[in-house]
Amino acid sequence: MLPKINKNIAEYFADKPYLNTRKIPDKVSKRRKLFCKGQVKIYDNPKMRKFVTLSVKGYNVYQYDFGIAYPLRTKAYPMFIYQIITTPRRVLALTHYATNIKDVFESNESLVKLLETDTKHADILLKPFEPQEFLRKDIVQNSFNGLVRTHDVNTAHEKIVDLFEIWYSGLDNLESDPSNSIVSDYTMWADQFRNSFYYQDYGFNVVSRYLGIKWTKEVFEKYVFEILL
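None of these values were measured; they are calculated from a predicted model. (Residues numbered from 1 in each chain as written. Predicted model: local features only at pLDDT ≥ 70, side-chain atom pairs only at ≥ 80, totals over all residues. Heavy atoms only, no water.)

S.K.: How do you make sense of the side chain of Asp138 when you look at a structure like this?
M.R.: Within the secondary structure, Asp138 is located in the loop between strand E8 (125-128) and strand E9 (145-148). Residue classification places Asp138 among the buried positions, given a relative accessible area of 8%. Within the local environment of Asp138, its side chain forms a polar contact with the side chain of Trp189, the two groups lying 2.7 Å apart. Aside from chain neighbours lying at most four places away, what touches Asp138 is Tyr97, Ala98, Thr99, Lys102, Trp189 and Phe193. (Helix = DSSP H or I, 4+ residues; strand = E, 2+ residues; numbered from the N terminus. Buried < 20%, exposed > 50% of the residue type's maximum accessible area, 1.4 Å probe, protein only. Polar contact = N/O pair within 3.5 Å; in protein donor to acceptor, adjacent residues only side chain to side chain. Contact = heavy atoms within 4.5 Å.)

Here it is as structure tokens:
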């Protein structure tokens, strides 16, 4: 059986001094239905447009955690994405680094370290998973995607937070902005990626099943992926 979760992954980010919590309406930030609850948090930072975390706890100790961090539009830097699906007998942990500029992982020391650490952390996986097909053209290949031993669920949370901190350090240390043409191409790609992820990923269906289509649609379209903006 799943051991006690010492600290929900979203709680780790609330302790980071470089992340400032954005005020959002209570009806959005918290949602309760019979035997289910959801929570949304948005963090701001001078180097990021925003970092959104979503946690849903449902029947049978089922829990779904999702996070996506967006760099500023002037920074052609990868998005950071994590997903964790937790059940009493298995844990699936996924991380993705999404960008249309793959060679940035060869020229940025922090991103080189990110992939090296990602591979190192994959030693806790029971079984690796390939990313969903629609994602493969938009993400850099990485290793920390797969089933985790249930007794390592807390370790999995800590390792994803570790990867986020390395990702953030690379963003924080960027010395210059890319050219206007690169930024323009990146922005167009990012807008397409958000739409593609929203429509094809399983997260929307998972959350709407537990917390209702109306709340889920508002959260995903207005706050997570900005589909309506």
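That shown, we press on.
S.K.: For this particular structure, what's the right way to read a positive patch on the surface?
M.R.: A cluster of basic residues, Lys4, Lys30, Arg32, Lys37 and Lys57, forms a positive patch at the surface. Its place among the elements puts Lys57 in strand E4 (residues 48-57). (Patch = residues over 30% accessible without salt bridge, like charges linked within 9 Å, V, L, I, M, F, W, Y side chains within 5 Å. Areas by Shrake-Rupley, 256 points an atom, 1.4 Å probe, with all protein chains shown as cover. Salt bridge = Lys/Arg side-chain N within 4 Å of Asp/Glu carboxyl O. Lys, Arg positive; Asp, Glu negative; His and termini not counted. Charge placed at Lys NZ, Arg CZ, Asp CG, Glu CD.)

S.K.: Looking at this structure, I do not really get the environment of Tyr64. What am I missing?
M.R.: Structurally, Tyr64 is set in strand E5 (residues 63-71). We classify Tyr64 as buried; its relative accessible area is 0%. C-alpha separation for the pair Tyr64 and Thr86, spaced 22 residues apart in sequence, amounts to 6.4 Å. In this view, Tyr64 contacts Leu54, Ser55, Val56, Gln83, Ile84, Ile85, Asp201, Tyr202, Gly203, Val206 and Val207; residues no more than four positions away in its chain are not counted. Polar side-chain contacts of Tyr64 include one of 2.9 Å to the side chain of Gln83.

S.K.: I tried to follow unusual backbone geometry on my own but got confused; where do I start?
M.R.: Although it is not a glycine, Phe35 sits at a positive phi angle of roughly 65 degrees. For Phe35, a relative accessible area of 61% corresponds to the exposed category.

S.K.: Please clarify how the pattern of salt bridges should be interpreted in this entry.
M.R.: Side chains that carry opposite charge are capable of pairing whenever their charged atoms lie near each other. Scanning the entire structure with this criterion turns up 14 salt bridges. Taking the shortest distance from any N to any O, the salt bridge between Arg149 and Asp152 comes out at 3.9 Å. Its salt-bridge partner being Glu221, residue Lys217 comes within 2.9 Å of it at the nearest N-O pair. Note that Lys217 and Glu221 are positioned in helix H8 (residues 213-224) at a spacing of four residues, about one turn of the helix. The partly exposed category is assigned to Lys217, whose relative accessible area is 39%.

S.K.: Would you explain the nonpolar core in this entry?
M.R.: Across soluble globular proteins, you tend to see nonpolar side chains buried next to one another. In this structure, Phe164, Trp167 and Phe225 are the most contacted members of the largest nonpolar core, which totals 80 residues. Sort the elements by how many residues they give to this core and helix H5 (residues 153-172) lands first, with ten residues. The residues touching Phe164, leaving out its near neighbours within four places in the chain, are Phe13, Tyr18, Leu19, Phe51, Ala69 and Phe80. (Core = buried A, V, L, I, M, F, W, Y, C linked by side-chain atoms within 4.5 Å.)

S.K.: Hey, could you run me through the environment of Ala156 in this one?
M.R.: Along the chain, Ala156 falls in helix H5. Assessed through its relative accessible area of 0%, Ala156 is described here as buried. Taking the C-alpha atoms as reference, Ala156 lies 20 Å from Lys41; in sequence the two are 115 residues apart. Contacts of Ala156, omitting those with residues within four sequence positions, involve Ile124, Phe144 and Val148.

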